Every structure is written in structure tokens, then in C-alpha cells.
Amino acid sequence: MQGSKHAWLLLIAIVFFGCNQSENPTSTAQGDTDNEQIVVETVKDEVQKASQDPKAVIELFLVSLRHGDATTTSRLLTTKARTETAKHDMVVRPPGSETAKFVVGQTIYTTETQDICHVESNWTDVDDAGRRQTYEIVWILRKEPSGWAVAGMATELFSGEAPLVMNFEDPMDMLAQQQRAELELTRRGNVGGGSSQVMPASHSSGLNR
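Residues numbered from 1 in each chain as written. Predicted model: local features only at pLDDT ≥ 70, side-chain atom pairs only at ≥ 80, totals over all residues. Heavy atoms only, no water.

Draft legend 1. Just the overall build of the chain, in detail. Helices and strands together make up the secondary structure of the chain, namely 6 helices and 7 strands. When its helices and strands are written in sequence order, the chain yields α-β-α-α-α-α-β-β-β-β-β-β-α. Accessible surface, the chain: about 10,800 Å² in total, of which carbon and sulfur atoms supply 50%. (Helix = DSSP H or I, 4+ residues; strand = E, 2+ residues; numbered from the N terminus. Areas by Shrake-Rupley, 256 points an atom, 1.4 Å probe, with all protein chains shown as cover.)

Right, here's the structure in full:
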């Protein structure tokens with residue numbers, strides 16, 4: 001179980017925002033054929049439609065993660081998340097796993113103005129040993145002038161403890177959180193044999209502002 005928790009932690013903190021060693025996919029569209037221009041517009045329309053509803057955003061976001069669609073995944077992030085990760089030469093890098101399945105749950109608004117909300121989800125995939133693992137994730141969304149977008153995520157690594165919050169709008173803090181969590185997972189695995197379970201996140205986080 002310990003190995004699977006490490007794999008999920010790497011998924012959310014490195015695969016989503018691995019160092020950018022390739023060209024920006026949007027930059028190569030300039031000067032290309034009209035057919036390629038149309039493809040870009042189709043993706044844009046799909047994102048715009050989804051952005052009107054938080055649940056639709058997460059459904060499209062998870063589909064994009066499953067198919068390894070970096071362009072769509074990036075477009076579904078908040079403007080600040082895209083700006084800040086670009087400053088640090090980071091890019092959305094979806095895992096691309098056709099064996100993954102997901103279920104999107106309820107939407108909970110966390111502010112009186114309903115400009116921030118949490119969307120519950122279950123993500124299930126097969127680990128290296130061929131066992132199915134399910135992770136309960138709460139996605140944190142912010143409402144921007146153009147619609148809803150993903151600002152972060154939260155999940156509890158250990159039952160009854162504060163959830164691990166990954167703030168996509170602050171990539172350096174996100175990486176620091178990942179490093180601290182990896183150390184704690186390793187420490188507990190060495191002490192207790194790795195029996196702790198990954199638990200669902202609560203609906204309280206530092207992004208409710």
C-alpha cells in the first residue's frame with residue numbers, strides 16, 4: 001500500500017507539473033495550416049462550455065488526464081495557476097492512463113459569494129502489481145470572469161488528519177508540500193509497515209479565500 005501512496009503523490013505533484021522540456025504546444029500552432037487552427041478552436045470551445053459548470057470542468061479535466069491531453073488540462077487551470085507555473089518553467093503533464101476510471105461527485109460551495117467550490121471525485125487505476133487502487137480527491141475550483149477553473153486539490157494521506165492541499169497557483173509551495181509528504185510517508189512506512197490508508201479530503205483548505 002505504501003508504494004501506491006508514493007505513486008499517487010508523484011502523480012499529483014510531479015506529473016501534473018513536471019519541468020517543461022518541450023515546446024509549448026500552443027506556440028507551434030502559429031503559422032500552421034488552417035486545419036490545425038480549427039483543432040485549436042475546437043478544444044477552446046469544449047473548455048469554454050465546461051467552464052460554466054464546476055462539475056463539467058472536473059469531468060473534462062479528468063478525461064484529459066486519462067488521455068494525456070496536456071493542452072486541455074492546462075486550459076482548465078486558473079489563469080494564476082498557468083501564469084505561476086510558467087514562471088517556474090513548469091507545464092501540465094498528464095499521466096495518460098487508459099486503465100483509469102473516475103466518478104465525479106457533489107459540488108460544495110465554500111464561500112457566501114459562491115466563487116470558490118469543491119468538487120468530489122474518485123479516481124481508480126491499476127498499480128504496478130495489477131491491483132486496482134481508488135483515491136478520493138476533492139478538487140478546488142475558482143470562478144473567473146471566463147468561468148470555473150481548477151486552482152488545486154486536496155486529499156487526506158492519513159485518516160483523521162489534516163488533508164494534503166496542493167495549490168496549483170503556488171507551485172513552489174506545492175513542491176514543498178510534496179517533499180514533506182513523501183518524507184512522512186516514508187517515516188510512517190518504516191515505523192508501521194505502511195498500513196495507513198489514503199482517505200478522502202475534507203472541504204476545508206487554504207484556498208477558500
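Draft legend 2. Molecular detail of the confidence of the model for the chain. Mean pLDDT for the chain: 78, with 69% of residues reaching 70 or above. Confidence, read as mean pLDDT per element, is least for helix α1 (residues 2-15) in the chain (52) and greatest for strand β3 (residues 101-109) (96). Counted against residues more than four places away or in other chains, residues 21-33, with its pLDDT under 50, gives 8 contacts. (pLDDT = per-residue confidence, 0-100. Contact = heavy atoms within 4.5 Å.)

Draft legend 3. Molecular detail of unusual backbone geometry. Residue D89 is not a glycine yet carries a positive backbone phi of 55 degrees. Tracing the chain through its elements places D89 in the loop between α5 (79-87) and β2 (90-92).

Draft legend 4. Representation of helix α3 (residues 54-67) within the structure. Here α3 is 14 residues long and its end C-alpha atoms lie 20 Å apart, about the 20 Å a rise of 1.5 Å per residue gives. Three or more residues of α3 are buried, namely P54, V57, I58, L60, F61, L62, S64, L65 and R66. At the C-terminal side of α3, G68 shows a positive phi close to 70 degrees. (Expected span 1.5 Å × (residues − 1). Buried < 20%, exposed > 50% of the residue type's maximum accessible area, 1.4 Å probe, protein only.)

Draft legend 5. Local environment of the nonpolar core. Core analysis: the biggest nonpolar cluster contains 32 residues, and I58, F61, L62, W139, L141, V150 and F168 have the highest contact counts within it. Mapped onto this core, the elements with two or more residues apiece are α2 (34-50), α3, β4 (116-126), β5 (132-144), β6 (147-155), β7 (164-167) and α6 (171-192). With 6 residues, the single largest contributor to this core is α3. When near neighbours in sequence (up to four residues on either side) are disregarded, I58 contacts V104, V119, W139, L141 and V150. (Core = buried A, V, L, I, M, F, W, Y, C linked by side-chain atoms within 4.5 Å.)

Draft legend 6. Local environment of the pattern of salt bridges. With the rule as written, the count across this model stands at 5 salt bridges. Put simply, K87 and E84 hold a salt bridge, and the shortest N to O gap is 3.2 Å. Pair noted here: K87 and E84 are both in helix α5, with a separation of 3 residues, about one helical turn. When its relative accessible area of 58% is taken as the criterion, K87 is described as exposed. Across the pair R142 and E169 runs a salt bridge, and its minimum N-O distance is 3.0 Å. (Salt bridge = Lys/Arg side-chain N within 4 Å of Asp/Glu carboxyl O.)

Draft legend 7. Geometry of the packing of aromatic side chains. For the coordinates displayed, the defined rule picks out 3 aromatic pairs. Seen in terms of ring centroids, F61 and W139 are 5.2 Å apart; in terms of plane orientation they differ by 65 degrees. Their pairing is edge-to-face. In this pair, F61 sits in helix α3 while W139 sits in strand β5, placing the two residues 78 residues apart along the sequence. Under the relative-accessibility criterion, W139 is labelled buried at 1%. Here the aromatic rings of F102 and W123 are separated by 6.5 Å at their centres, their planes lie at 10 degrees, and the arrangement is stacked. Taken together, the residues span a long stretch of sequence, with F102 in strand β3 and W123 in strand β4 at a distance of 21 residues. By relative accessible area, W123 is classed as buried at 4%. (Phe/Tyr/Trp six-rings, centres within 6.5 Å; stacked < 30°, edge-to-face > 60°.)

Draft legend 8. Here's a closer look at the pairing of β3. Taken together, the 7 bridges between β3 and β4 define a ladder with antiparallel strand orientation. Of the residues in β4, the one forming a bridge with Y109 is C117. The turn linking β3 back onto β4 is made up of 6 residues, and Q114 within it adopts a positive phi angle of 55 degrees. (Pairing = 2+ DSSP bridges.)

Draft legend 9. Region of the structure containing the sheet that holds β5. Taken in spatial order, the 5 strands make up an open sheet running β3-β4-β5-β6-β7, and their pairing is antiparallel. Bordering the open sheet on either side are β3 and β7, each of which pairs with just one other strand. Between one strand axis and the next, the sheet turns through 30 degrees on average, direction left out of account. Where α3 meets the sheet, it contacts β3, β4, β5 and β6, and its direction lies at approximately 155 degrees from that of β3. (Axes fitted to C-alpha atoms, helices over the stretch in contact; angles between N-to-C directions.)

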